[in-house]
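Coordinate analysis (summary)
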Amino acid sequence: MVRRPIHRIDGDMVKPEFDELAEEVIVSIYNNDEVVVRLLATPEDLEDLAVGHIACEGKGEIEDISVNNHEITINGSIKMRPRDDILTAACGVCTSGEIEIPLSIVDNTQRLSARIQDMMNLMREDQPKFAATGGIHAASIFDQEGKLLLTREDIGRHNAFDKAIGAAIRSGIVPKIIGLSGRIGWELVAKAIRSNVEIIIGVGAISSAAETLSRNSGITLVGFASREKPVVIGTLSRIIDKP
């Protein structure tokens, strides 16, 4: 977060004051002195971002990692993106190269025993940057009892997803259930497939491309999860006691 001068409109009055803005910078990931990818992201939890991005994009294995300001250096066997790619905070799969569609089927081991709305409330309470700025997405990892294991925030919803998966990997947690503060789009389902996540629970709507990909991969999606009547796409047995 950064504190910047603004003008606040209050009825017929305009008042100068300072406000907290969501921080957004270019973050570069390097391997062997070459750029792997440049991301517009919130410059926090950058180790988690790098580990999660490589895992969620199926780009290889990281052996070690270091961070210097907004530059992340990773070593390992890494597949590079096209050189002219830059992923904005709104873009999860923008590329000048081919968009790779994941074809694998995820595991079917999870049986959620918690109330979905309660899980979303826990995630909402664990978003201090959103509370301060109103401009930050979040992703949370849960267990099948509904316990919140960790949350990561970022101005980009796909970055928040990467950070949460990266944090889980670095903490020795196997991520199976992820909660999202926004809609569920194709690129987030693709990331889930590559990291073998079984359930995605989102506050917002589910896109048609996400629906198709989730059915092909065996992922269960829950949309409008904060409402009393959320929608479910995919295997119901993970969510309710039904075969």
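Among the structural elements, Lys129 can be located in helix H3 (residues 128-133). Given a relative accessible area of 17%, Lys129 falls into the buried group. If near-sequence neighbours (up to four positions away) are discounted, Lys129 is found in contact with Met1, Glu44, Gly134, Ile136 and Glu153.

In this section: the sheet that holds strand E3 (residues 25-31). Spatial ordering of the open sheet is given by E4-E3-E6-E5, a layout of four strands whose pairing is mixed. Lying at the two open borders of the sheet, with one neighbouring strand each, are strand E4 (34-41) and strand E5 (60-68). Taking each pair of neighbouring strands and ignoring which way they run, the sheet shows an average axis angle of 25°. Sheet analysis places E3 next to strand E6 (residues 71-78), joined by three bridges and oriented parallel.

A few words now on helix H4 (residues 157-170). With 14 residues, H4 should cover 20 Å at 1.5 Å per step; its first-to-last C-alpha distance of 20 Å lies within 8% of that length. In terms of burial, H4 is a largely internal element, twelve of the 14 residues being buried. As for H4, its buried residues are in contact with E4, helix H1 (46-56), strand E7 (137-142), strand E8 (148-154), strand E9 (177-180) and helix H5 (186-194). At the exit of H4 stands Gly172, carrying a positive phi of roughly 75°.

About the thresholds
- Residues numbered from 1 in each chain as written.
- Predicted model: local features only at pLDDT ≥ 70, side-chain atom pairs only at ≥ 80, totals over all residues.
- Heavy atoms only, no water.
- Helix = DSSP H or I, 4+ residues; strand = E, 2+ residues; numbered from the N terminus.
- Buried < 20%, exposed > 50% of the residue type's maximum accessible area, 1.4 Å probe, protein only.
- Contact = heavy atoms within 4.5 Å.
- Pairing = 2+ DSSP bridges.
- Axes fitted to C-alpha atoms, helices over the stretch in contact; angles between N-to-C directions.
- Expected span 1.5 Å × (residues − 1).

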